[in-house]
Amino acid sequence: EDQVTQSPEALRLQEGESSSLNCSYTVSGLRGLFWYRQDPGKGPEFLFTLYSAGEEKEKERLKATLTKKESFLHITAPKPEDSATYLCATDSWGKLQFGAGTQVVVTP
Amino acid sequence: EAQVTQNPRYLITVTGKKLTVTCSQNMNHEYMSWYRQDPGLGLRQIYYSMNVEVTDKGDVPEGYKVSRKEKRNFPLILESPSPNQTSLYFCASSSIQGYEQYFGPGTRLTVT
């Protein structure tokens, strides 16, 4: 059965304290893996798509990487505005499966 | 402005009373999808559509119907809502090639 698991469930960071979020997956026919950011009461906001093992993408303080079994979202020197829930999702030709998310809180 | 709109944003209804949640996008996207989000369970895909007249089941399609008669619209229909369909619903769209899904603002549904 296809499965997407994110860890940790929650993460509390001091401003400037870098960390990584994990997304492990078992999906047949993976076409791509996505990372989204979600703020309370809002729809998810797209961050990255990764297509193949070894691929990396960066955006400001965020960097996403992909292996054959997991993906990491690295947050470098986070700021309070990086506080959000981060979601990963796998795509098998239109059928998407989301992880439960990692709630990140960055304190000044 | 590129956007996905959903209506209504909030709805309280009673068991068994048919309802429709509309979803519309102005980006000429081929792909559209519906999700429900519940605490501890994350986002779960209900139905998706790769193009007009093409729809497929996601992980939790039971109790829901969809149709895609026009490219821009993808309504979600609950023929006989039950309390376990109380949830936050999101519609999303993307171009097949672009992959970047744009999400609507969400519809909070309560079924009593």
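Look a little higher up for the structure.
Residues numbered from 1 in each chain as written. Chains lettered and ligands numbered in written order. Predicted model: local features only at pLDDT ≥ 70, side-chain atom pairs only at ≥ 80, totals over all residues. Heavy atoms only, no water.

A.B. asks: Help me understand the overall build of chain A in this model?
C.D. replies: Scanning chain A from terminus to terminus reveals zero helices and eleven strands. The linear arrangement of helices and strands in chain A, starting from the amino end, is β-β-β-β-β-β-β-β-β-β-β. For 108 residues, the compact-globule estimate of 2.2 N^0.38 gives 13 Å, and the C-alpha radius of gyration of chain A, at 13 Å, lies within 12% of that figure. The principal-axis extents of the C-alpha atoms in chain A amount to approximately 40 × 30 × 20 Å. The contacts of chain A with a sequence gap of at least 6 include a subset with a gap of at least 24, amounting to 53%. For chain A, the accessible area works out to roughly 5300 Å², and carbon and sulfur atoms hold 47% of it. Side chains of chain A give 12 positive and 15 negative charges; the mean places of these two sets differ by 3 Å. (Helix = DSSP H or I, 4+ residues; strand = E, 2+ residues; numbered from the N terminus. Rg over C-alpha atoms; globule rule 2.2 N^0.38 Å. Contact = heavy atoms within 4.5 Å. Areas by Shrake-Rupley, 256 points an atom, 1.4 Å probe, with all protein chains shown as cover. Lys, Arg positive; Asp, Glu negative; His and termini not counted. Charge placed at Lys NZ, Arg CZ, Asp CG, Glu CD.)

A.B. asks: Where do I start with the pairing of strand β11 (residues 102–107) of chain A in this structure?
C.D. replies: Note on strand geometry: in a regular strand, side chains alternate between the two faces of the sheet. Residue and element names in this part refer to chain A. In this structure, strand β2 (residues 10–14) lies alongside β11, joined through five bridges in parallel fashion. What sits directly across from R12, in β11, is V105. With three bridges connecting them, strand β9 (residues 84–92) and β11 associate as antiparallel partners. Residue pairing for β11: A84 is matched across the bridge by V104. (Pairing = 2+ DSSP bridges.)

A.B. asks: I keep staring at the layout of surface pockets and nothing clicks. Help me out?
C.D. replies: Its volume calculated, the largest pocket comes out at about 830 Å³. Around the largest pocket, the lining is made up of 35 residues, and of these A100 of chain A together with Q37, D38, G40 and G42 of chain B lie nearest the centre. At the level of elements, β1 (3–7), β9, β10 (95–98) and β11 of chain A together with β4 (31–38) and β5 (42–51) of chain B are the ones that each hand at least two residues to the lining of the largest pocket. Here the lining of the largest pocket is built from residues that sort into 13 nonpolar, 15 polar and seven charged. Looking at the second largest pocket, its volume works out to about 220 Å³. Along the walls of the second largest pocket sit 14 residues, with P44 and E45 of chain A together with Q101, Y102 and F103 of chain B positioned nearest its centre. Broken down by secondary-structure element, the contributors of at least two residues to the lining of the second largest pocket are β5 (45–50) of chain A together with β10 (102–103) of chain B. A class-by-class count of the residues in the lining of the second largest pocket yields eight nonpolar, three polar and three charged. (1 Å grid on protein atoms, 1.4 Å probe; cavity = no way out; pocket = protein on both sides within 12 Å on 5 of 7 lines; lining within 4 Å. Points joined across faces, edges and corners; volume = space filled by probe spheres on them. Nonpolar A, V, L, I, M, F, W, Y, C, P; charged D, E, K, R; others polar.)

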